[in-house]
Amino acid sequence: MLLLASCASLPRNPLPEQYVEQARIPGLPDVRTFADEYSPAFQKNLVESIERRKAYYEAQGLVWPPQEPINLLALSGGGDYGAFGAGVLYGWTEAGDRPEFSLVTGVSTGSLIAPFAFLGSDYDDELKEVYTTIDAKKVFILKRIFSIIGGDSVADTKPLAELAAAYIDGEMLRRIADEHDKGRRLFIATTNLDAQRSVVWDMGAIAKAGQLELFRKVLMASSAIPAAFPPEYIPVVAGGKAYDEMHVDGGVVTQVFLYGPFVNPMSVVENYSDDFNGRDKRMYVIVNNKVSGTYNPLRRNLPDIAGTAISSLIRNQGIGALDRLYLIAERDGFDYNVGYIPDEFQPQSDELFDPEVMNTLFEMGREMAREGSLWMNHPPGFTP
């Protein structure tokens, strides 16, 4: 019976391969794109963001101030270590020099932080509450063995969905839509596991359309660690029929991103040179992880070996993403700033979502941001 159950799978209606490029979200055809190919729709979106920024000031009888900088913020994956990034934002506000961001992006736990970061210091207390009062019971419930066999995950994330619903509400959606109308952008990455490709979602456009359920679904998908947490099955239409796509943690493909093949911002800047001449451009990257390995002799068992190998792969993949962002910053004239958990940090527990560890990380990020010791102007291991 166990063998038969292990060969079974849950029913779904997957998108046929020939429709991969045609699939659309019902009613929102241009709200997402593959990250690895140029998207005319997202390029148009970028142009519209500039026009909306100018219109926002014109509505007040003003012009877009030439001294207003272009600030970009990228939030990485890192699971419960996202408490560090939450602390950074909180301490940055306390330091008094936290800017407003033209673009905020998030992956995995970074995607859960991103809406709060996008809306600014008004949401600092909520962000602190989420990352300092949470524990494993508020994130997932381990399934029984017979539910795991033939299922799509080891754990059920219903508690996390309920937590997200408590904070990601209609009021937050309205405020994100308002900021979207001002020309600011909020992007989240998931992984389309059927296609094995990264997908970038325009969360401001989703908010503008009032699609609260889809907004939450994308956030849950971006933080859905494959096999551990259940995927999100997102409804799409193609060829006149309805299907579903399997989306999981955006960190499967990349730990952190800002922009890349899907848009070419510099071509837009050239066309709006009068609006961008002399304007400061700054890139900030918050890494919710350490960038160096920790020596830890392993026990001779499969979970320890597999888990450590996967975490090492993810950490080094993240370093590669930081190098790529540095190259983009150098090419496009951005000041590059990256902050990450110090190498000397040693968690006192191996338990996931341990409140003591998360509070320690929150206070560490808070203090580093407040005292100005967080930011480096080059990737780890690289000297300009």
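Above this text is the structure in question.
Fair warning: this is a prediction, and the values are worked out from it, not measured in the lab.

Caption draft 1: Inspection of the overall build of the protein chain at higher detail. Scanning the protein chain from N- to C-terminus turns up 14 helices and 11 strands. In summary, the protein chain has a C-alpha radius of gyration of 21 Å against a globular reference of 21 Å for 384 residues, a match within 12%. Projecting the C-alpha coordinates of the protein chain onto the three principal axes gives extents of approximately 70 × 55 × 40 Å. Burial status across the protein chain gives 50% buried among its 384 residues. For the protein chain, long-range pairs separated by at least 24 residues make up 78% of all intrachain contacts whose partners lie at least 6 apart in sequence. Split by element, the accessible area of the protein chain, about 18,400 Å² in all, is 54% carbon and sulfur. Positive and negative side-chain charges in the protein chain, numbering 35 and 52 respectively, have mean positions lying 3 Å apart.

Caption draft 2: Focus on a nonpolar patch on the surface. A contiguous nonpolar surface patch, about 190 Å² in accessible area, is contributed by L193, V252 and V253. Counting through the fold element by element, V252 comes out in the loop between strand 9 (241-249) and helix 11 (265-271).

Caption draft 3: Region of the structure containing the pattern of salt bridges. In this structure the tally under the stated criterion is 25 salt bridges. Across the pair R98 and D124 runs a salt bridge whose closest N-O atoms are separated by 2.8 Å. On the criterion of sequence distance, the pair formed by R98 in the loop between helix 3 (82-95) and strand 3 (103-107) and D124 in helix 5 (residues 124-133) is long-range, its members being 26 residues apart. What you see here is one network of salt bridges that share partners, running through E94, E363, R366, E367 and R370.

Caption draft 4: Here's a closer look at the pairing of strand 3. Counting buried positions along strand 3 gives 5 out of 5 residues, so the element sits mostly inside the fold. The alternating pattern of strand 3 places L103, T105 and V107 and V104 and G106 on opposite faces, both of which are buried. Strand direction decides the pairing type here: strand 2 (residues 70-75) and strand 3, joined by 4 bridges, are parallel. Following the sheet pairing, A74 is matched in strand 3 by T105. One crossover worth recording links strand 2 to the parallel strand 3 by way of helix 3, and it is right-handed. Across 5 bridges, strand 3 lies against strand 6 (residues 185-192) in parallel orientation. Bridge pairing in strand 6 links L103 to R185.

Reading the values: the criteria
- Residues numbered from 1 in each chain as written.
- Predicted model: local features only at pLDDT ≥ 70, side-chain atom pairs only at ≥ 80, totals over all residues.
- Heavy atoms only, no water.
- Helix = DSSP H or I, 4+ residues; strand = E, 2+ residues; numbered from the N terminus.
- Rg over C-alpha atoms; globule rule 2.2 N^0.38 Å.
- Buried < 20%, exposed > 50% of the residue type's maximum accessible area, 1.4 Å probe, protein only.
- Contact = heavy atoms within 4.5 Å.
- Areas by Shrake-Rupley, 256 points an atom, 1.4 Å probe, with all protein chains shown as cover.
- Lys, Arg positive; Asp, Glu negative; His and termini not counted.
- Charge placed at Lys NZ, Arg CZ, Asp CG, Glu CD.
- Patch = residues over 30% accessible without salt bridge, like charges linked within 9 Å, V, L, I, M, F, W, Y side chains within 5 Å.
- Salt bridge = Lys/Arg side-chain N within 4 Å of Asp/Glu carboxyl O.
- Pairing = 2+ DSSP bridges.
- Right-handed = clockwise from strand over helix to strand, strands pointing away.

Spatial relationships are all this shows, so hold off on functional conclusions.
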